[in-house]
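A look at the structure
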Amino acid sequence: MRTLIKNRREMRTSIKILAALLFGALVTAVVPSGALAQKASDPAFKVKLDFDRWHDVPELYADMAKLQAAFPKFLKLQSIGKSFDGRDLMVMTINNPDTGPETGKAAMYIEANVHGNEIQGAEVCLYTIWYLMENYGRVDDVTRLVNERVFYIIPTVNPDGRQYFMEGPGGNARSGHVPVDDDNDGLVDEDGPEDINGNGIVEQIRMYVPGKGDYRISRLNPNIMEPVPFGETGDYILLGSEGIDNDGDGLVNEDGPGSYDPNRNWAADWQPDYVQRGAMDYPFQLPEARAVNDFLMAHPNIAGVQSYHNSGGMILRGPGAEAVGEYPMSDVRFYDELGQNGERILPFYRYLVIWSGLYTVHGGFIDWTNDGLGIPSFSNELWNGGQYFASPELKEQQKDPESPIAPNISRYYFDKYLEFGDEFVPWKPFDHPQYGKVEMGGVWKKFQGRVPPRFMSEELCHRNMAFSLYQADEMPMIKMGGTSVEKLGGGVYKVFVDITNPKLVPTIMARAAQNNVVRPDILTLDGKNVEVISAGFIDDREVYKVKPSVIEAIDQKDLKRILVRNGYPGKTTRTLVYLLKGSGGVTVTYDSVKGGKAAKAIALQ
Amino acid sequence: MRPNPKRFRLFPAAVGLIAAVSVLAAAVPAAAQEAGKYHTYAEMTGLLQSLAGAHKDIARLASIGKTAGGRDLWVLEIANPAGIPVRERPALLIAANFEADHVVGSEIALAVADALLKGYPGDAEIKSRLDGSVVYIIPRLNPDGAEGMFAAVKSGLRTNLAPRDDDNDGRLDEDGPQDLNQDGFVTLMRVKAADGEYMIDPDELRLMKKADPKKGEAGAYKIYWEGVDRDKDGFIAEDPAGGTDLNRNFMHAYPYYKPDSGPYMVSENESRALMAWTIAHRNVAAVLTFGESDNLIAPPAGGRPGASREIDLVRFAEAANAAARTVGMIRTGGAFGFRRFGGREFSAEMMGEFMRQGRRQTQTPAEEGRRFRMPDRKAPTAVLPADQDYFRTIAAKYAELTGLRQPLYVREPEGAFYQYGYFQFGVPSFSTPGFGLAGRDSAGPRQRGTAPGAAGEGGLPGVAQWRQETASGEAAPVRIPAGAQARMQMIQAGGAGQAGGPRMGQGAGDAASAGIDKQLLKWMDSEKIDGFVKWTKFAHPDLGEVEIGGFKPYAAANPPAARIAELGASHLKFVLYLTSLFPRVKIASTEVTNHGGGIYRIRAEVENVGILPTALSQAVTARAIKPVMVQLGVAPEDIVSGSAKTNFIPSLDGSGGRTKYEWIIRGKSGAVIELKAAAEKGGSDTARVTLK
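Reading the values: the criteria
Residues numbered from 1 in each chain as written. Chains lettered and ligands numbered in written order. Predicted model: local features only at pLDDT ≥ 70, side-chain atom pairs only at ≥ 80, totals over all residues. Heavy atoms only, no water. Helix = DSSP H or I, 4+ residues; strand = E, 2+ residues; numbered from the N terminus. Buried < 20%, exposed > 50% of the residue type's maximum accessible area, 1.4 Å probe, protein only. Contact = heavy atoms within 4.5 Å. Areas by Shrake-Rupley, 256 points an atom, 1.4 Å probe, with all protein chains shown as cover. Lys, Arg positive; Asp, Glu negative; His and termini not counted. Charge placed at Lys NZ, Arg CZ, Asp CG, Glu CD. Pairing = 2+ DSSP bridges. Axes fitted to C-alpha atoms, helices over the stretch in contact; angles between N-to-C directions. Parallel < 35°, antiparallel > 145°, perpendicular 65-115°, else oblique. Left-handed = near helix turned anticlockwise from the far one by under 90°. Nonpolar A, V, L, I, M, F, W, Y, C, P; charged D, E, K, R; others polar. Core = buried A, V, L, I, M, F, W, Y, C linked by side-chain atoms within 4.5 Å. Salt bridge = Lys/Arg side-chain N within 4 Å of Asp/Glu carboxyl O. 1 Å grid on protein atoms, 1.4 Å probe; cavity = no way out; pocket = protein on both sides within 12 Å on 5 of 7 lines; lining within 4 Å. Points joined across faces, edges and corners; volume = space filled by probe spheres on them. Patch = residues over 30% accessible without salt bridge, like charges linked within 9 Å, V, L, I, M, F, W, Y side chains within 5 Å. Polar contact = N/O pair within 3.5 Å; in protein donor to acceptor, adjacent residues only side chain to side chain. pLDDT = per-residue confidence, 0-100.

Some thoughts on the overall build of chain A
Within chain A one finds 15 helices and 24 strands. Across its three principal directions, the C-alpha atoms of chain A cover 105 × 90 × 50 Å. With 605 residues in all, chain A has 57% of them scored as buried. Long-range contacts, defined here as pairs at least 24 residues apart, represent 73% of the contacts in chain A between residues at least 6 apart. Within the structure as shown, chain A displays about 25,000 Å² of accessible surface, and the carbon and sulfur contribution to it stands at 55%. With 63 positive and 81 negative side-chain charges, chain A shows a spacing of 12 Å between the two charge centroids.

As for the overall build of chain B
Each helix and strand in chain B was counted, giving 16 helices and 20 strands. Looking at the 692 residues of chain B, the share that counts as buried comes to 52%. In chain B, once contacts between residues fewer than 6 apart in sequence are set aside, the share between residues at least 24 apart is 75%. Surface accessibility of chain B: about 29,800 Å² in total, with carbon and sulfur atoms responsible for 56%.

What about the pairing of strand β15 (residues 436-441) of chain A?
Residue and element names in this part refer to chain A. With respect to burial, β15 is a largely interior element, five of its six residues being buried. Strand direction decides the pairing type here: strand β5 (residues 204-213) and β15, joined by three bridges, are antiparallel. Looking at β15, one finds that Arg206 is bridged to Glu439. The pairing of strand β14 (residues 428-432) with β15 spans five bridges and is antiparallel. Of the residues in β15, the one forming a bridge with Lys428 is Met440. Between β14 and β15, which pair antiparallel and follow one another directly, the connecting turn spans three residues.

Notes on the pairing of strand β15 (residues 628-632) of chain B
All names here are of chain B. Of all five residues in β15, four are buried, a share of seventy percent or more. Taken together, the four bridges between β15 and strand β17 (residues 646-649) define a ladder with antiparallel strand orientation. Bridging across to β17, Val630 finds its partner in Asn647. Bridge count for β15 against strand β19 (residues 672-678) is four bridges, and the pairing is antiparallel. Bridge assignment links Val630 to a residue of β19, and that residue is Ala677.

Digging into the packing of helix α3 (residues 41-54) of chain B against helix α4 (residues 103-118) of chain B
All names here are of chain B. Their axes nearest at 11 Å, the elements α3 and α4 cross at an angle of 15 degrees. Regarding the angle of α3 to α4, the classification is roughly parallel. As α3 runs across α4, the sense of the crossing is left-handed. Note on element contacts: α4 touches α3 through Ser106, Leu110, Asp114 and Leu117, opposite Met44, Leu47, Leu48 and Leu51. For the contact of α3 with α4, the class distribution of residues is six nonpolar, one polar and one charged.

As for the sheet that holds strand β2 (residues 88-94) of chain A
Residues and elements named next belong to chain A. Read from one edge to the other, the open sheet built from eight strands follows the order β1-β2-β4-β3-β9-β12-β10-β11, with strand pairing classed as mixed. Both edges of this open sheet fall to β1 (75-82) and β11 (350-353), since each of them pairs with a single strand only. On average, adjacent strands in this sheet sit at an angle of 20 degrees to one another, irrespective of strand direction. Sheet analysis places strand β10 (residues 314-317) next to β11, joined by four bridges and oriented parallel. Bridge pairing links Ile315 to Tyr351 in β11.

Let's talk about the sheet that holds β19(B)
All names here are of chain B. Pairing in this open sheet of four strands is antiparallel, and the strands run β17-β15-β19-β20 from one edge to the other. Each edge of the open sheet is held by one strand with a lone partner, namely β17 and β20 (684-690). Here the strands of the sheet are splayed against their neighbours by 15 degrees on average, with no regard to which way each runs.

Observations concerning the nonpolar core
B:Ile94, B:Ile137, B:Leu288 and B:Leu313 are the most contacted members of the largest nonpolar core, which has 86 residues in total. Ranked by residue count, the leading element in this core is α4(B), at ten residues. The contact partners of B:Ile137, leaving out residues within four places of it in the chain, are B:Trp74, B:Val75, B:Leu76, B:Ile78, B:Ile94, B:Ala109, B:Val112, B:Ala113 and B:Leu116. In this structure, A:Val47, A:Phe51, A:Leu469 and A:Leu504 belong to the second largest nonpolar core, which totals 69 residues.

Considering the side chain of A:Glu288
All names here are of chain A. Summarising the element assignment, Glu288 is placed in helix α7 (residues 287-298). The charged side chain of Glu288 is buried without a salt bridge, its nearest counter-charge being Arg87 at 7.9 Å. If near-sequence neighbours (up to four positions away) are discounted, Glu288 is found in contact with Ser83, Phe84, Leu89, Val157 and Asp160.

With respect to unusual backbone geometry
Of note, the amide linkage connecting A:Asn310 to A:Ser311 takes the cis form, showing an omega dihedral of -10 degrees. A cis geometry characterises the amide bond from B:Gly242 onward to B:Gly243, with omega recorded as -25 degrees. Counting through the fold element by element, B:Gly243 comes out in the loop between β8 (221-225) and α7 (269-279). Phi angles above zero are rare outside glycine, and A:Phe420 is one such case at about 55 degrees. One non-glycine residue, B:Asn97, lies in positive phi territory at about 60 degrees. As for its position among the elements, B:Asn97 is in the loop between β3 (91-96) and α4. Classification of B:Asn97 as buried rests on a relative accessible area of 0%.

As for empty space enclosed by the protein
Inspection of every chain in the model, using the stated rule, returns seven cavities of 30 Å³ or more. Computed from the structure, the largest cavity encloses a volume of approximately 130 Å³. Every residue lining the largest cavity is counted, 13 residues in all, and those nearest its centre are A:Gln556, A:Leu563, B:Arg171, B:Asp233 and B:Val327. Tallied by class, residues from the lining of the largest cavity come to four nonpolar, one polar and eight charged. Counted as a void, the second largest cavity has a volume near 90 Å³. Together, A:Glu111, A:Val114, A:Val157, A:Asn158, A:Gly176, A:Tyr260, A:Pro262, A:Trp266, A:Leu286, A:Glu288, A:Ala289 and A:Val292 line the second largest cavity. Here the element with the most residues in the lining of the second largest cavity is α7(A); it accounts for three residues. Of the residues belonging to the lining of the second largest cavity, the class tally is eight nonpolar, two polar and two charged.

Concerning a nonpolar patch on the surface
Taken together, A:Tyr413, A:Tyr417, A:Leu418 and A:Phe455 make up a surface patch of nonpolar side chains, about 390 Å² in accessible area. Structurally, the position occupied by A:Phe455 is in the loop between β16 (443-444) and α13 (457-473).

Some thoughts on the pattern of salt bridges
Residues and elements named next belong to chain B. A complete count under the given rule lists 68 salt bridges over all chains for this structure. Arg190 is paired through a salt bridge with Glu547; the nearest N and O atoms lie 2.9 Å apart. Note that Arg190 is positioned in strand β5 (residues 188-192) and Glu547 in strand β12 (residues 544-551), a separation of 357 residues in sequence. Residue Glu547 is classed as buried on the basis of its relative accessible area of 14%. Across the pair Glu204 and Arg206 runs a salt bridge, and its minimum N-O distance is 3.1 Å. This pair shows no difference in class: Glu204 is buried, exactly as Arg206 is. Within the structure, one salt-bridge network assembled from shared partners comprises Glu99, Asp101, Arg158, Asp245, Glu292 and Arg411.

Structural notes on the side chain of B:Lys645
All names here are of chain B. With respect to the secondary-structure elements, Lys645 resides in the loop between β16 (639-642) and β17. For Lys645, a relative accessible area of 13% translates into the label buried. In terms of polar contacts, Lys645 uses its side chain to reach the backbone carbonyl oxygen of Val634, at 3.0 Å.

As for the confidence of the model for chain B
All names here are of chain B. This prediction gives chain B a mean pLDDT of 83; 78% of its residues lie at or above 70. The model gives residues 443-512 a pLDDT under 50, and that stretch makes 87 contacts with residues more than four places away or in other chains. This prediction of the complex comes with two scores: 0.86 for pTM and 0.88 for ipTM.

Shown next as structure tokens:
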């Protein structure tokens, strides 16, 4: 005993520790563990999901079902149709029935993964549903958003491509699975990639031929192969990718599943294959595109669209092709504000126009939703390699070609120190059935490059969700304001009604109004004993009192049902002025497909 | 038609004539043994079923889909199935009645079907075609709409019956035309009005024309469709039942965001069914459609679509409703409603600021200009020069076989199926109204940009072509509506290069060409066709005294039923001609040389013995047709040198166009090697060589 406790201080410490342990044990035995955990920690989540792993389609759908079961009041999970291989396309609807039916509210549509290999958008979608539900009732703005709006979230619109990517080596997964004869030999999808050595990766093949080859190991990094300069020889030759000539035509892996581009099959500026590769034969030919479009057209209350892709770190808007023509000024203005705020919410992402900032896209999804359906639309390209070395100081270092994080070798550095070599597949010897003794490897695993490192996934999810929730919050919302009645005598009254759209986005975009693709807003006046002599809008009542000429009479035949074809602009309050003859009461209703409906009852006296 | 008393005097002569004609008719396969008639959907279905039943060996009837109204879209496949599988033979697709009012096309297609079936195997030409190729006939692409020709009130609608809010006012199909004077026709109303744009044509009192103030003419009438303003929005018949114009619903030169082109390309059941069928039948090597556009009777020079020959009276009525789709653009008064910019008075400075800010993220190319952008590819809009010869030759033959020189009513194709057939599907593709005049009408409307009479005839082709090309590229003159509404529209349209914006006010009468109303009347008068309702007074409930009259629906687009038989006969000849042109791939020769040591040299020549190439230039440009494949049946590693195992040729010219191949292979003596040549539209051929 004497040797164990060296001094009094140590003994007191030991006694304290012992006491704490005893107390802890006692408390744990008596108090339920959950309550103990909640005492001072952050509140626990109701549904435990993880965002540092990648999910295949069955797990994704199981997670959605878990969420729906945990929050049945707000969540509805349905299939909108089937993919080519017969998988469901699942949509989660978020709506608070206590604040009104879906159709009366503006809805935000969020989807991901139209390219099968662009997977992380599905995790962002899952995170969005989870976050909104977990924080409803806890964070005021989240509660308000869920009460005011509707969300339609489809984590994967290409489950065939996603599953093919997750199950296989990852190549050829951009497309869906509608068969296409890529090599014109009359057979479809007969020669896709194979994983000969069974490690789940389609690797490069090299053969060691000392002094006789045209490739050598790079001096910068032993993992990289580079061609030798003219006049020199190296020790290696490259023999292409793993694969077998399935159809015996002398070519390897020339006709895998697909391939077309599922994001070129939409009906705005759709162009045939020779103008736009991968566009298929006609718009909405693909079952997935058709199902999504049928859903969109059946829900005209959708006033915002986000389609997650990877990669590059961009917040994209249309037009996809220069010839389509820039959006009208009033549309550009709100897009710019949303996009510029987006750049602050998503560091390393740039707000760009598709054709000028990325490349020309004909028949792309957000061109269709913007032009053909009149919905303000963004497409985010998730993840930017610049995020590997994020600080200004490191960016400076990268300019030095000798730096260990110089751009051409930076990801090897990151892989080594941050991912412990997990993502790179080193060269290993293999006895190839056709070529003999070779080495295979030298490639990145399918999750490297377009997809963020797993440990950075949750931040990517949260920030992109935040941008989409910001876009959703700025969808139009019509409100009726104050009213007043001026009695002019002889049964004639002048009625003023303030109408406001406090949000950034108009109820109908200028281009949508030109194209007549959205039902106009309808302003109705109901009153049993009332006839409308004239109607008009003014900007400012006080100005009108002094300058009555600012009113422009609405020149329509039926003034009890006024069409507002160009919708209500964003951040605008105007006053509607009616000149009425009659008596009793009237109800003025402003009905907007994307801005909701607002009504006000006014007594004529 | 009123009975002509003169006929009775000619009766005995007529009997003799009829007898003579019957004898002749028996000798030559007659098109439609019954006297020509226009068939309702039920009658057509019954006819198709009985034809297919009576000729089971060579006819197969199937439905490619259903319309919104639940009617079937019938396709009749006519071929002798013995021998080469039907799907591997070149095929002709005949499709008709896309526009609901063009029912004569349906009848000509049915007559051709009847003649082909009845002429097999007796007629040698028919036998040869049906043994070696296949003819698909879709006689009625728009059965819902076509049924309107047989309704109690004939409205002449052109669309299908899928509901569509044409004026986008939130009400669906709420205001269609009405037969107010109960004469069984929907025609027009003319109303005296001080601000009317139109006047009675002094040269032809039945017709109206736009008053030209420059010539001191004063308008005195407004023109509307017959009907009342049911929804009280100030327009009459601006949102009838239906629909989409099927020949405006396809993907080449698709007219975006017009009310009759549908919500998007290939939106309609009918168009979707046709597209799905077409891409599943890639052996279709030529397309013949009957419709309201024309590239056979009077094909334009320069490969561009021909100018329209419209009916002014119809255009005037349509113009009355043009504004229905723009009513309701409300000006907010002030700085575009953007109060957050301070509610200041609008100023030029603010405008400039807006313009610059708006541009920031937009027209600037990629950062630092370093990134190379592929030049944006554009689809051609004219038949490629290398293909024009085929179109010219075929059109000339069409004129010879049918005797037609001038179509009557014709419109510019935009989103028409036959254009998809050439520009995207890549085959010779035609459209014809199927009937017309035997003589060119030199006083007819000009083709855009060319002087009368010069179009495609004796005029200098170079000059005519140049004029066509410069004129065709431009939009029709933009008529700018006056007033604040217009300013608002223009400002809202905004942005540089309003390329995506709508064409405003493409109204009647200010397009370059005048209407064919006079020619139509001349034709009707000379053929004794009762195709015009004389203007008669009527007391309109809202407009007061009006006059109702105008062309009878269906009369301009369809000749009398009695003409169907002869049209069927001449088009049968054209069909037989067209199907004689198909490309045919053959292995012309093979040769084996034994070099000893197990090495053999195989030489082969592959030839196209048909007239048409295996792929037109446009098909090669559009990668629309699989290249001809020539494949040697050996393992790739057995080829020592020479051609590859599988070879592709983008196109093989007709009339004996050839390619040569040579393989040096390792093989065993006595082995039989198969050589295969296959063309998507030119059939296939196999040869076997023995190594010895």
